[in-house]
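Residue-level structure breakdown
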Amino acid sequence: MKVLLVGANGQVGHALLRALPALGEVVATTRNGVLGNGTTCEALDLGELDTIAPLIERMRPDVVVNAAAYTAVDRAEDDAAQALRINAHAPARIAAACAVLGVALLHYSTDYVFDGRATRPYREDDPTAPLGVYGESKLAGERAIAGSGARHLILRTAWVYGLHGSNFLRTMLRLGAERDELRVVADQRGCPTPAWLIADASAAILRRGIAESGVRHLVARGETTWHGFAEAIFDEAMASGRIARRPVVQPIATADYPTPAARPAYSVLDTARLRDDYALDLPEWRAALADTLGAARAALG
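Residues numbered from 1 in each chain as written. Predicted model: local features only at pLDDT ≥ 70, side-chain atom pairs only at ≥ 80, totals over all residues. Heavy atoms only, no water.

Before going further, it helps to spend a moment on the sheet that holds strand 6 (residues 152–157). If you trace the seven strands from one edge of the open sheet to the other, you get 3-2-1-4-5-6-11, paired in parallel fashion. In this open sheet, the two strands that pair with only one neighbour each are strand 3 (42–43) and strand 11 (214–217). Inspection of the sheet shows strand 1 (residues 2–6) paired to strand 2 (residues 25–30) by five bridges, in the parallel sense. Counted as the bridge partner of Leu-4 is Val-27 from strand 2. On the sheet, helix 1 (residues 11–19) packs against strand 1, strand 2, strand 4 (63–66) and strand 5 (104–110) and is oriented at approximately 160° with respect to strand 1. (Pairing = 2+ DSSP bridges. Helix = DSSP H or I, 4+ residues; strand = E, 2+ residues; numbered from the N terminus. Contact = heavy atoms within 4.5 Å. Axes fitted to C-alpha atoms, helices over the stretch in contact; angles between N-to-C directions.)

Okay, structure coming up:
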């Protein structure tokens, strides 16, 4: 299998660089044509829309994995045109090129397509209602792919973290080393999901082949709050020897931590369809966190 990986320097892309080579040849792209370790690769800036189809035509992959996205949720409120360009127009171009060439497309989306008013985990067919520009742009990308005619799978995920890139885990570890006390939101609920889990599940899915075009949900099992996640991070970081002391984590309300973009209060996603389609045994979020910070992981499939 020949895989074209778009966005190899992001936190999910970085994890995919480890997981995908088991499938065959991986051609990586980054915006500047350089990987994080300094190795050169193909250059692809999704803001340059007219360069997308020619690259896919030249590479002729079996599948495109699009791990690139505009993910600055708050900045998107004042940068809607660029968010839409990267998250909707570029995926539309990728999907159109895939449709012409008969190439499969694996794409990632977000819990931010929902408004967070649910009281049970969101299923794939639940009504979408983004609260801000970021969610709107990602939903527009989903719809463009769905209407392209390309064989595709869109994986919605949430609360993504890891030891690479900018994310909640790394922020907590940094702030915890600097401060004796932290204040963290305790009235938003979701599913912390490590980048390695997304990458391993993606590889397992591609190994089996996309069963049916559409949207599926991919997150770790269970749910918690940002405050609960922070507490668990420091528990596991202490246990694994990553930190020498544990800060106090005070729970606060969303209203006490205002941001330009509204966040869904409830972002828990139902993964039953994905697990059934691809025989995936997804780990519980706390166990996945422990694996991220410590022990070796078991293969997903």
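Once the structure has been displayed, the description carries forward.
With that settled, the discussion passes to the pattern of salt bridges. If charged atoms from side chains of opposite charge come close, those side chains can pair. A complete count under the given rule lists 16 salt bridges for this structure. Note that Glu-212 and Arg-216 form a salt bridge whose closest N and O atoms lie 3.1 Å from each other. Look at Glu-212 and you get partly exposed, because its relative accessible area is 46%. For Arg-216, a relative accessible area of 3% translates into the label buried. (Salt bridge = Lys/Arg side-chain N within 4 Å of Asp/Glu carboxyl O. Buried < 20%, exposed > 50% of the residue type's maximum accessible area, 1.4 Å probe, protein only.)

What follows covers unusual backbone geometry. Despite not being glycine, Arg-60 has its phi angle at roughly 50°, a positive value. Looking at the element boundaries, Arg-60 is found in the loop between helix 2 (52–59) and strand 4. Accessibility expressed as a relative area gives 55% for Arg-60, which makes it exposed. Backbone geometry places Trp-159, a non-glycine residue, at a positive phi of 50°. Examined against the element boundaries, Trp-159 turns out to sit in the loop between strand 6 and strand 7 (160–161).

What follows deals with the packing of helix 5 (residues 168–178) against helix 7 (residues 226–239). Across the interface, helix 5 lies against helix 7 with an axial gap of 10 Å and an inter-helix angle of 65°. The hand of the helix 5/helix 7 crossing is right-handed. Between helix 5, through Phe-168, Leu-169, Met-172, Leu-173 and Gly-176, and helix 7, the contact on the second element is made entirely by Trp-226, Phe-229, Ala-230, Ile-233, Phe-234 and Ala-237. Grouping the constituent residues of the contact of helix 5 with helix 7 by class yields ten nonpolar, one polar and no charged. (Left-handed = near helix turned anticlockwise from the far one by under 90°. Nonpolar A, V, L, I, M, F, W, Y, C, P; charged D, E, K, R; others polar.)

This is a description of form; function is not addressed.
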